[in-house]
Amino acid sequence: MDNTQFGFSAREAAAGLGNLLDKGGIAIWVIAALSVVALALVFWKIWHFLRDGTFFGGRHTGEAALLWQRGEQDAALAMVEGRNSLRARLACAAMQALRDPKLGVAAAETETSRVARGLLSEARSGLRALELIATIAPLLGLLGTVLGMIAAFQSLQQAGSRADPAILAGGIWQALLTTAAGMAVAIVASVCLAWFESVLERLRHDMEDVATIIFLRAGSGATPPAEDRVEAAE
């Protein structure tokens, strides 16, 4: 492929994009900025989930919990101590709380619940901003459309009897451009948000399961349901 032609095509595409942004007015510039922020948030959350092992099923932590349940406490704690996984950090906190001679089972459960809330809150960071973008992007698009329609009808009024229907048609499609852009950004943000929420729900379930296995070993059958320890962290 001719590099000159490729460069010319790239310049044409950039010029066309800039032209669309100019025609869309201030609303589409704001929507474009929101799309950049949303994309950055999505990639940041993916990296964040990969770093914290949120995507993975917690097999390693589950094995440590089973070791704990069989009474091999030192081996179980060694498997999760120092790991970055959120599931492993919760399991480690629960095991250390149960081994602390100053804490009873009830106090250890309270401490585990506190840690679980903190970990889930950490995992949810950034999602509120993505939810806000999904909410306001179509509203900004609608606002841009309304403003564009007002401008189009003002131009038509000023033209008087010499009004050209093409002027109105051009103004309308330029106005509707902002609605399409806002909806596109909102759809992508909503899909990514739903995906992240499903991943976090699985994480919450896994943390609840691990806590249940660990505390079953400590108890005498009086251990409250795991929902009481982790549910509040949703």
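Quantities reported herein were computed from a predicted structural model and do not represent experimental measurements.

1. Digging into the overall build of the protein chain
Thinking step 1. Along its length, the protein chain carries eight helices and zero strands.
Thinking step 2. Looking at the protein chain residue by residue over its 234 residues, the buried ones come to 37%.
Thinking step 3. Carbon and sulfur atoms form 63% of the exposed surface of the protein chain, whose accessible area is close to 13000 Å².

2. Description of the environment of Trp44
Thinking step 1. Counting through the fold element by element, Trp44 comes out in helix α1 (residues 3-51).
Thinking step 2. For Trp44, a relative accessible area of 34% corresponds to the partly exposed category.
Thinking step 3. Placed 82 residues apart in sequence, Trp44 and Gly126 show a C-alpha to C-alpha distance of 8.7 Å.
Thinking step 4. Not counting residues up to four positions away in its chain, the partners in contact with Trp44 are Ser125 and Gly126.

3. Section: the side chain of Thr112
Thinking step 1. In this fold, Thr112 is placed in helix α5 (residues 105-123).
Thinking step 2. Filtering out sequence-adjacent residues up to four positions away, Thr112 remains in contact with Leu90, Ala94 and Phe215.

4. Overview of helix α4 (residues 86-99)
Thinking step 1. With 14 residues, α4 should cover 20 Å at 1.5 Å per step; its first-to-last C-alpha distance of 20 Å lies within 8% of that length.
Thinking step 2. A large share of α4 lies buried, amounting to eleven of its 14 residues.
Thinking step 3. Among all positions in α4, only Leu86, Arg87, Ala88, Leu90, Ala91, Cys92, Ala93, Ala94, Met95, Ala97 and Leu98 are buried.

5. Examining the packing of helix α3 (residues 73-80) against α4
Thinking step 1. Two elements in contact, α3 and α4, have axes separated by 9 Å at closest approach and are oriented at 145 degrees. Pair α3 / α4 crosses with left-handed handedness. On α4, the residues touching Gln73, Asp74, Ala76, Leu77 and Val80 of α3 are Ala88, Ala91, Cys92, Met95, Gln96 and Arg99.
Thinking step 2. Tallied by class, the residues present in the contact of α3 with α4 amount to seven nonpolar, two polar and two charged.

6. Thoughts on the packing of aromatic side chains
Thinking step 1. Taken as a whole and judged by the stated rule, the model has four aromatic pairs.
Thinking step 2. Taking 5.4 Å as the distance between ring centres and 80 degrees as the angle between the ring planes, the aromatic pair formed by Phe49 and Phe55 counts as edge-to-face.
Thinking step 3. An angle of 20 degrees between the planes, with centres 5.6 Å apart, marks the rings of Phe55 and Trp195 as stacked. Taken together, the positions of Phe55 in the loop between α1 and α2 (59-69) and Trp195 in helix α7 (residues 165-218) put the pair 140 residues apart, joining distant regions of the chain.
Thinking step 4. Under the relative-accessibility criterion, Phe55 is labelled buried at 18%.

7. A few points about the pattern of salt bridges
Thinking step 1. Counting across every chain of the model gives eleven salt bridges.
Thinking step 2. Residue Arg51 is joined to Glu122 by a salt bridge in which the shortest nitrogen-to-oxygen separation is 4.0 Å. In this pair, Arg51 sits in helix α1 while Glu122 sits in helix α5, placing the two residues 71 residues apart along the sequence.
Thinking step 3. Residue classification places Arg51 among the partly exposed residues on the basis of a relative accessible area of 38%.
Thinking step 4. We note a salt bridge from Glu111 to Arg114, for which the minimum N-O separation is 2.6 Å. Here Glu111 pairs with Arg114, and both are found in helix α5, just three residues apart, close to one helical turn.
Thinking step 5. With a relative accessible area of 28%, Glu111 lands in the partly exposed category.
Thinking step 6. Overlapping salt bridges, with partners in common, bring together Arg51, Asp52, Arg89 and Glu122 in one network.

Conventions and cut-offs
Residues numbered from 1 in each chain as written. Predicted model: local features only at pLDDT ≥ 70, side-chain atom pairs only at ≥ 80, totals over all residues. Heavy atoms only, no water. Helix = DSSP H or I, 4+ residues; strand = E, 2+ residues; numbered from the N terminus. Buried < 20%, exposed > 50% of the residue type's maximum accessible area, 1.4 Å probe, protein only. Areas by Shrake-Rupley, 256 points an atom, 1.4 Å probe, with all protein chains shown as cover. Contact = heavy atoms within 4.5 Å. Expected span 1.5 Å × (residues − 1). Axes fitted to C-alpha atoms, helices over the stretch in contact; angles between N-to-C directions. Left-handed = near helix turned anticlockwise from the far one by under 90°. Nonpolar A, V, L, I, M, F, W, Y, C, P; charged D, E, K, R; others polar. Phe/Tyr/Trp six-rings, centres within 6.5 Å; stacked < 30°, edge-to-face > 60°. Salt bridge = Lys/Arg side-chain N within 4 Å of Asp/Glu carboxyl O.

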